[in-house]
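Chain by chain, the residues run as shown.
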Amino acid sequence: MLYRDTVESELLVHKPWFVASIFVVVLAVFLMVNLTGTTFGELMRPVIGDPLQSGFYGRFAIAFMIAVIFCLNIVLIGFAPLKVQIGVVWLELVLLFLAFVKAFNLSMPFIWENLPYLITQGVMTTIYVSAISLVFASLIAIVAAVAKLSSNGFAYAIASFYTSFFRGLPLLMQIYLIYLGLPQLGIVIDAVPSGILALSLCVGAYMTEIFRAGIQSIDRGQWEASRSMGFGFGLTMRRIILPQALPVIIPPMGNTFIAMLKDSSLVSVLGVWELTFLARTIGQPTFHHMEMLTTAAIIYWIMSACLEVAQSRLERHLARSKVR
């Protein structure tokens, strides 16, 4: 809910009809999946006998037990405070993910041996490419958004063509067009600048619409009042419009940056030594593909989680005047 409800009512997860509905759904879902050959099937051996010979009875017993555990879990968690609920659910999901990863039989010594190099080289390159691209993308987006809001037909046409073109092409194709196409015009750019340019232009096109929507969310009277006081265009945008538009712009902009952090893996096709490229290169000679790819995936997740926390704090800071 947007605001905390001040009306006392019974929790949804404590209502019998809701728990029964969840039980039926979970039971039906896990009946469609054969888990008799998994660790959970071995744990159910005293009940179902040989898991591989238990047939439909074994599948039903496993699905029934999972549905019971799931429903008991959500009912018991419902008694805890909100922050405790969030922490418990996060812990349970992380443990499930680790159990899933353990099923890969990964070589942990190989991971620990190569992890420092992945961080010092791969992560640093990924952050560098993403951060520089974000700065250029933001500058492009502000200019293009102002152009799309102007009454100048030429400026609007250029900006609208830019957003249509770069949002319409896959990012991978843009990277190839810049890296392989510009040399045909006599403009030779190295791999890292080519990746930064492609990311900046692509993400800038999406952020143009974010900035445009944020600026348009401010009432026109703010603009007219500022202009009537003699403020110029630049001063009005910098002191009046953009500060009010930032609370609207920051959430989608943060999501775009997180997406760009992961999309930066596409510059690996140019041989840039970022995280994905190193994970693939290190794991390939010794066939430790899953070790390196899983490690890279977890590192991407950690970086994205850090950005989510920073975005959340920035949103709360900008919205502090609305807190009651």
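The structure we're discussing is the one just above.
Report follows, based on the coordinates. (Residues numbered from 1 in each chain as written. Predicted model: local features only at pLDDT ≥ 70, side-chain atom pairs only at ≥ 80, totals over all residues. Heavy atoms only, no water.)

### Here we look at the nonpolar core
Ranked by size, the top nonpolar core spans 37 residues in total, and within it Met207 and Phe211 carry the most contacts. Elements represented by at least two residues in this core include exactly helix H6 (108-149), helix H7 (153-168), helix H8 (171-181), helix H9 (191-216) and helix H11 (233-263). Per-element accounting of this core gives the leading share, twelve residues, to H9. Ranked by size, the runner-up nonpolar core spans 18 residues in total, among them Leu118, Leu261, Phe277 and Ala296. (Core = buried A, V, L, I, M, F, W, Y, C linked by side-chain atoms within 4.5 Å. Buried < 20%, exposed > 50% of the residue type's maximum accessible area, 1.4 Å probe, protein only. Helix = DSSP H or I, 4+ residues; strand = E, 2+ residues; numbered from the N terminus.)

### Some words on unusual backbone geometry
Negative phi characterises most residues that are not glycine, and trans characterises most peptide bonds. Here Asn105, not a glycine, exhibits a phi torsion of approximately 55 degrees, which is positive. The topology assignment puts Asn105 in the loop between helix H5 (82-102) and H6. Non-glycine residue Phe287 carries a positive phi angle of around 60 degrees. By the secondary structure assignment, Phe287 is in the loop between helix H12 (275-283) and helix H13 (289-318). A relative accessible area of 68% places Phe287 in the exposed class.

### A few points about helix H4 (residues 55-77)
When the terminal C-alpha atoms of H4 are compared, their 33 Å separation across 23 residues agrees well with the 33 Å that a helix rising 1.5 Å per residue should span. Every buried residue of H4 is accounted for by Gly58, Ala61, Ile62, Ala63, Ile66, Ala67, Cys71, Ile74 and Ile77. Buried-residue contacts for H4 involve helix H1 (16-31), helix H2 (39-43), helix H3 (45-48) and H5. (Expected span 1.5 Å × (residues − 1). Contact = heavy atoms within 4.5 Å.)

### With respect to the environment of Phe257
Mapped onto the elements, Phe257 comes out in helix H11. Assessed through its relative accessible area of 17%, Phe257 is described here as buried. Between the alpha carbons of Phe257 and Leu95 there is a distance of 28 Å; along the sequence they are 162 residues apart. Those residues in contact with Phe257 that sit more than four places away from it in its chain are Ser130, Ala131, Leu134 and Leu307.

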